[in-house]
Amino acid sequence: MSETLGLYISVPFCRAKCTYCNFASGVFPASEHELYVMRVCGEIRRAWERAESAGWRLPERVGSVYLGGGTPSTLEPERLREIFVAIGESFVIERNAEVTVECAPGQIAADFLKAMVEVRATRVSLGVQSMVDTEAAATGRMHTRAIVEDDVRRLRDAGLAVNVDLIAGLPGQTLASWMESVEAVCGLGVEHASLYMLEVDEDSRLGRELIGGGARYGAGLVATDDTVAAMYESGCERLERAGVRQYEISNFARPGAEARHNLRYWRREPYLGVGLDAHSMLRGWNDGGDGGVVRFGNTDDLADYLNGEMEAEVERVDRAAELEEAWFLGLRLVEGVSLAALHAEFGGQAVAAFDDVVAELVDDGLLTRAGERVALMTRGRMLSNEVFGRFLGVASKDSSAAELSLSTQ
Ligand code: SF4
């Protein structure tokens, strides 16, 4: 079967800014939605011209569409239709394409739900984060557990599969209250769940408070790393018992309900990101004929994007870096990395350069090697950044991988 494209559309608008949010999203007047969607549609319509002039291979058939952000459900239904008209004019959306729309609980108007069904959405991702009302309210979320339950019912009645996002480590959360959220999600019978651990960085108000101090956003009430690790582990076990199986570090699904769009990122299949701060990964067709990887991202400045200045720098990923990516993206999946597939793609010598790192991580109890597959152990999943860091720089230091890199330039 020929390769398909994943389309990511960023919609950076939200009703309120959550304290833990580190995305390029915000509260902007509805008057800006129209111009924004016009720019997005223009970007979709110009995708072919841009790819041709840059020498990138752009699959014509779209296998998955993901509207994220932000909160795409804040758009007027007409704007959603316009986006899909633009996609339909420029690409062929496969009949069985997965089409996901991120929505905020309590913010899915009846006419928006109708529009989602019209554009053939297949699943909705709900940013729930906590099913405990006080925890949700403390982070700026505007819903209650009852609202989430009602929305899940409405979405499933409309024929849409549902993903629920939860965050472990929110202010005031305890292991017991976390499990109350996980239990409630199991009770919803959803097809998919994502469990994230709170990210601490300068890009969110809560993150800045955790780093720099203060009491406004509840940084002092955030659980310790050990408690967050226990939350993650208990949550994984509970979902597994409910038949929602882990397939990636943060993602769980009933069999067959895995997020196909997200799988692209870890399997290094091509995707095109459109809109504010959207990122893309395509292969070039004029780089020595075998298609080197290019990554590029749009600006994260809304004013620039609305002015039509959308392009950011293009990064050409050489073969050595591509091999390292193949390791740490593949290891995110529970199925792990296939050594046979790596050998076929990069050659045995280049892959052998990683033998020592893999052996060390197996000894440390972070990786497991069974036959030709290498995968993270449960402890490795919790320390995944440390594991992935050990794969960085290995291929570029190795001379056979360096030759591999030169031969494709
Ligand atoms: S977490 Fe989601 S809903 Fe909250 S501000 Fe960020 S993008 Fe918007």
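Our subject is the structure listed above.
Our subject in this report is the structure included herewith. From a predicted model like this one, the values you see are computed outputs, not experimental measurements.

Remarks on the overall build of the chain
For step 1, the next point in the chain: Of the regular secondary structure elements, the chain holds 19 helices and 16 strands.
For step 2, the next point in the chain: Against the 2.2 N^0.38 benchmark of 22 Å for 409 residues, the chain shows a C-alpha radius of gyration of 22 Å, consistent with a compact globule.
For step 3, the next point in the chain: The dimensions of the chain, computed from C-alpha atoms along their principal axes, are 55 × 50 × 40 Å.
For step 4, the next point in the chain: The buried share among the 409 residues of the chain stands at 55%.
For step 5, the next point in the chain: Put simply, 70% of the contacts in the chain that link residues at least 6 apart link residues at least 24 apart.
For step 6, the next point in the chain: For the chain, the exposed surface amounts to about 17600 Å²; the carbon and sulfur share of it is 50%.
For step 7, the next point in the chain: Computing the positive centroid from 41 side-chain charges and the negative centroid from 64, the chain places the two 5 Å apart.

Quick look at unusual backbone geometry
For step 1, the next point in the chain: A cis amide bond links G69 with the next residue in sequence, G70, at an omega value of 15 degrees.
For step 2, the next point in the chain: For G70, the position within the fold is in the loop between β3 (61-69) and α3 (77-90).
For step 3, the next point in the chain: Look at R268: it is not a glycine, yet its phi comes out positive at around 60 degrees.
For step 4, the next point in the chain: Positionally, R268 belongs in the loop between α10 (260-267) and β10 (271-274).
For step 5, the next point in the chain: Even without being a glycine, D277 presents a positive backbone phi close to 55 degrees.
For step 6, the next point in the chain: Residue position: D277 is located in the loop between β10 and β11 (279-284).

Some details on the packing of aromatic side chains
For step 1, the next point in the chain: Under the counting rule described, the total for this entry stands at eleven aromatic pairs.
For step 2, the next point in the chain: Relative to F28, the ring of F13 has its centre 6.0 Å away and its plane inclined at 80 degrees; by these criteria the two rings are edge-to-face. Here F28 lies in the loop between β1 (5-11) and α1 (31-45) and F13 lies in the loop between β1 and α1, a separation of 15 residues in the sequence.
For step 3, the next point in the chain: The exposure class of F28 is partly exposed, given its relative accessible area of 31%.
For step 4, the next point in the chain: Taking 5.5 Å as the distance between ring centres and 35 degrees as the angle between the ring planes, the aromatic pair formed by W327 and F354 counts as tilted. Of the two residues, W327 is situated in helix α12 (residues 319-330) and F354 in the loop between α14 (348-352) and α15 (355-363); the sequence distance between them amounts to 27 residues. Residues W327 and F354 agree in their burial class; the two are buried.

Observations concerning the side chain of N298
For step 1, the next point in the chain: For N298, the position within the fold is in strand β12 (residues 293-298).
For step 2, the next point in the chain: At 2.8 Å, the side chain of N298 forms a polar contact with the side chain of E43.
For step 3, the next point in the chain: Separated by 2.9 Å, the side chain of N298 and the backbone oxygen of G275 make a polar contact.
For step 4, the next point in the chain: Discounting residues that sit within four places of it in the chain, N298 has contacts with E43, R50, G273, V274, G275, D277, A278, Y305, M310 and A312.

Overview of helix α8 (residues 205-212)
For step 1, the next point in the chain: All of the buried residues along α8 are L206, G207 and E209. For α8, the buried positions fall inside an angular range of 165 degrees around the axis, keeping them on one side.
For step 2, the next point in the chain: Directly beyond the C-terminal end of α8, a positive phi value near 95 degrees is found at G213.

Each value, and the rule that gives it
- Residues numbered from 1 in each chain as written.
- Predicted model: local features only at pLDDT ≥ 70, side-chain atom pairs only at ≥ 80, totals over all residues.
- Heavy atoms only, no water.
- Helix = DSSP H or I, 4+ residues; strand = E, 2+ residues; numbered from the N terminus.
- Rg over C-alpha atoms; globule rule 2.2 N^0.38 Å.
- Buried < 20%, exposed > 50% of the residue type's maximum accessible area, 1.4 Å probe, protein only.
- Contact = heavy atoms within 4.5 Å.
- Areas by Shrake-Rupley, 256 points an atom, 1.4 Å probe, with all protein chains shown as cover.
- Lys, Arg positive; Asp, Glu negative; His and termini not counted.
- Charge placed at Lys NZ, Arg CZ, Asp CG, Glu CD.
- Phe/Tyr/Trp six-rings, centres within 6.5 Å; stacked < 30°, edge-to-face > 60°.
- Polar contact = N/O pair within 3.5 Å; in protein donor to acceptor, adjacent residues only side chain to side chain.
- Arc of directions from axis to C-beta.

It is worth stressing that arrangement in space is one thing and function is another; only the former is reported here.
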